[in-house]
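Examination of the molecular architecture
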Amino acid sequence: INTQRGGEKIYQAICQGCHMPQGQGAKGVGFYPALGGNANLAAAAYPVSIVMNGLHGMPSFAKRLDDAQVAEVVNYVRTNFGNKFTDTVTAEDVKQFRK
């Protein structure tokens, strides 16, 4: 379990290795989509679902992050890297994605 708190710290600790420091994404052995300017982030449930369940090569982080941490990192990504989505995700929202 990751003990980081705060969206930026969580992003730096576990996300930027693949999605890059500025959220620009990368291509190489795998494909890591850009998070900056990504229209898929408009619906807050989408990134929550991906963080919780994984998608393609991205693993699930449901067992590594608690509900508040998932909300923090999703809110961080949705309000940085040129993204300006202002509806925030709460830990209660994330709880709905627990299986």
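Data block above holds the structure.
To start, this report covers the structure provided alongside it. Starting from 1, residues in each chain are numbered consecutively following that chain's sequence as written. Thresholds applied to this predicted model are a pLDDT of at least 70 for local features of residues and 80 or more for the giving and counting of side-chain atom pairs; totals over whole chains, interfaces and linings are not thresholded and use all residues. Hydrogens are left out, water is left out, and the side-chain values use all remaining heavy atoms of the structure.

Examining the side chain of Asn38
Worth spelling out the cut-off: Numbered from the N terminus, helices here are DSSP runs of H or I no shorter than four residues, and strands are runs of E no shorter than two. For the exposure calls, accessible area comes from a 1.4 Å probe over protein chains only, and a residue counts as buried if that area is under 20% of its type's maximum, exposed if over 50%, partly exposed in between. Two N or O atoms form a polar contact when they lie within 3.5 Å of each other; inside protein one atom must be a possible hydrogen donor and the other a possible acceptor, and for residues adjacent in sequence the pair counts only when both atoms belong to side chains. For this analysis, residues touch if any pair of their heavy atoms sits within 4.5 Å.
Relative to the elements of secondary structure, Asn38 occurs in the loop between β2 (31-32) and α2 (45-53). We classify Asn38 as buried; its relative accessible area is 16%. A polar contact of 2.8 Å, which involves the side chain of Asn38, links it to the backbone nitrogen of Asn40. Contact partners of Asn38, with chain neighbours within four places excluded, come to Asn83 and Phe85.

Quick word on α2
Of the residues making up α2, those classed as buried are Pro47, Val48, Ile50, Val51 and Met52. Buried residues belonging to α2 abut α3 (67-78) and α4 (91-95). Gly54 sits one or two positions beyond α2 and adopts a positive phi of about 80 degrees.

Some points on the nonpolar core
Convention followed: For our purposes a nonpolar core is just a set of buried Ala, Val, Leu, Ile, Met, Phe, Trp, Tyr and Cys residues, chained together by side-chain atoms within 4.5 Å.
Residues Tyr11, Val48, Val70, Val74, Val77, Val89 and Val94 are the most contacted members of the largest nonpolar core, which totals 21 residues. In terms of residue count, α3 provides more of this core than any other element does, 6 residues in total. Each residue touching Tyr11, except ones within four places of it in the same chain, is listed here: Gln16, His19, Met20, Pro21, Gly23, Leu35, Val73, Tyr76, Val77 and Phe81.

Everything listed here is a matter of coordinates, which is why it stays silent on function.
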